[in-house]
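# Structural features, examined
Chain by chain, the residues run as shown.
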Amino acid sequence: MTFSNTITQALALDQADPLAHFRREFIIPPHDGGEQIYLLGNSLGLQPYRTKARLQEVLDSWGQYGVEGWFMGDQPWLKYHDTLTAPLAKVVGALPHEVVVMNQLTVNLHLLMVSFYRPEAKRRKILCEAKAFPSDQYMFETHIRHLGLDPNEVLVELAPRAGEHTFRQEDILAAIEQHKDELALVLWGGINYYTGQLFDMAAITKAAQAVGAKVGFDLAHVAGNVVIQLHNCNVDFAAWCSYKYLNSGPGGIGGVYIHERYHNDASVHRFAGWWGYDKETRFRMEKGFVPVATAEGWNLSTPSMLLYAAHKAALDIVEEAGWEAIQQKRQQLNSWLWFLLEQLEATIPAGAMEIITPRTAESRGSQVSLLMHRDGRTCFDALTAAGIIVDWREPNVIRLAPVALYNTYEEVWRFVEVLRGILNK
Ligand SMILES: *Cc1c(COP(=O)(O)O)cnc(C)c1O
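These figures come from a predicted structure and were not determined experimentally.

## Comments concerning the pairing of strand β5 (residues 125–129)
Consecutive side chains of a regular strand alternate in pointing toward one face of the sheet and then the other. Counted residue by residue, β5 has five buried out of five residues, so it is predominantly covered. One ladder, built from three bridges, connects β5 with strand β7 (residues 183–189); its direction is parallel. Within β7, the residue paired with L127 across the bridge is V186. In this sheet, strand β6 (residues 155–158) lies alongside β5 in parallel orientation, the contact comprising four bridges. Pairing of L127 across the sheet is with V156, part of β6.

As structure tokens, then:
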């Protein structure tokens, strides 16, 4: 499709958008008598109107039935988990029984390290991104120490080449090859939170497994954003949060994928709790842990029905819109943004702004990161004052991510126009 940089084109794209009406499913925060141009689906997805009613259902059931709410009502709590796994499995390309909804992301990464990082003799190294999301860095550091190892010896933090912002695929594969005899685990982000770079997870998985390492992905910026095929790519494990592109509310419940080949493998270690115990015999409360024979066998604690309800409300919208249709719009909205940004680059002072997200569509999702070489903070403040909600990452990066379910082509056009005005001041 060829675009033209006009408001008329923006409006025409919105007019032709088969998902346009889904915007009305979301509460758009107000700004100055109107609505914000909210471009932060990568940080905290917006609240669906229906979330409140879903939460209310849980409260009503609790009020009506007390503890019997586990078995009674339209949505017995004991079966709530099963309503989440099928829609999530579609979004991450897993089999439904390979998905468990539990805890939060960092907690889940620790738990997955217990199962999939088993340092032995020479094979003790973990390959990860340099400057991974801070929580992931703290997880690595403390988990490795807890095992009595030295993070400086065990952790191989690969950085982009000097002067470059993103990773070259060949460098990741070369690092795997370089450490092949010592590599226990590759734990990588699916999309880098800072640059928005989307990695070739199939190729990384293949290369890591070929040298005998396990492979996991942090999908915080992937789940609900782009298509992935965890099962078909043979990924060992993955984890994500639900409050970014999955719109399930601040601190929403996390999700984990574990390939089915591990579900009945007694050699895989895990930290267990009663909620991962075989369902048939759980309430006999006997000694000796017997796991559920699916990814649910990794669950530990009584889950929050309120968090499930918020997650369900958001996943229902994904189901109604259709994951394939969401992806089609995501791609076109993203092409529109890039078309406008590339036009913008040609009309602002040279060197004012650098796009550090990869320019090829296969290497990015919804997010674009702009490195502001001049007056970055002023620019960010001016956008905010204009009701355009993006975020600021030190030292000087503006991140934004228009998302298919609630952003419009017009909003993207207005964002770029306002940015042009600020940069040309
Ligand atoms: C958002 C994000 C997190 C957040 O972890 P929580 O435990 O949910 O707070 C972790 N890792 C990455 C890569 C993220 O983008």
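What follows picks up the thread again.
## Here we look at the pattern of salt bridges
Considering all chains together, one arrives at 26 salt bridges under this definition. Note that R161 is salt-bridged to D171, the shortest N-O span being 2.8 Å. Remark: D171 occurs in helix α7 (residues 169–178) and R161 occurs in the loop between β6 and α7; sequence separation between them is ten residues. Between D391 and R399 there is a salt bridge, and its shortest N-O distance comes to 2.6 Å. In this structure, a network of salt bridges that share partners links the residues R161, E164, R168, E170 and D171.

## Overview of the environment of E57
Summarising the element assignment, E57 is placed in helix α2 (residues 50–65). It is 28 Å that separates the C-alpha atoms of E57 and L95, two residues lying 38 residues apart in sequence.

Reading the values: the criteria
Residues numbered from 1 in each chain as written. Predicted model: local features only at pLDDT ≥ 70, side-chain atom pairs only at ≥ 80, totals over all residues. Heavy atoms only, no water. Buried < 20%, exposed > 50% of the residue type's maximum accessible area, 1.4 Å probe, protein only. Helix = DSSP H or I, 4+ residues; strand = E, 2+ residues; numbered from the N terminus. Pairing = 2+ DSSP bridges. Salt bridge = Lys/Arg side-chain N within 4 Å of Asp/Glu carboxyl O.

All we've got here are geometric facts, nothing functional implied.
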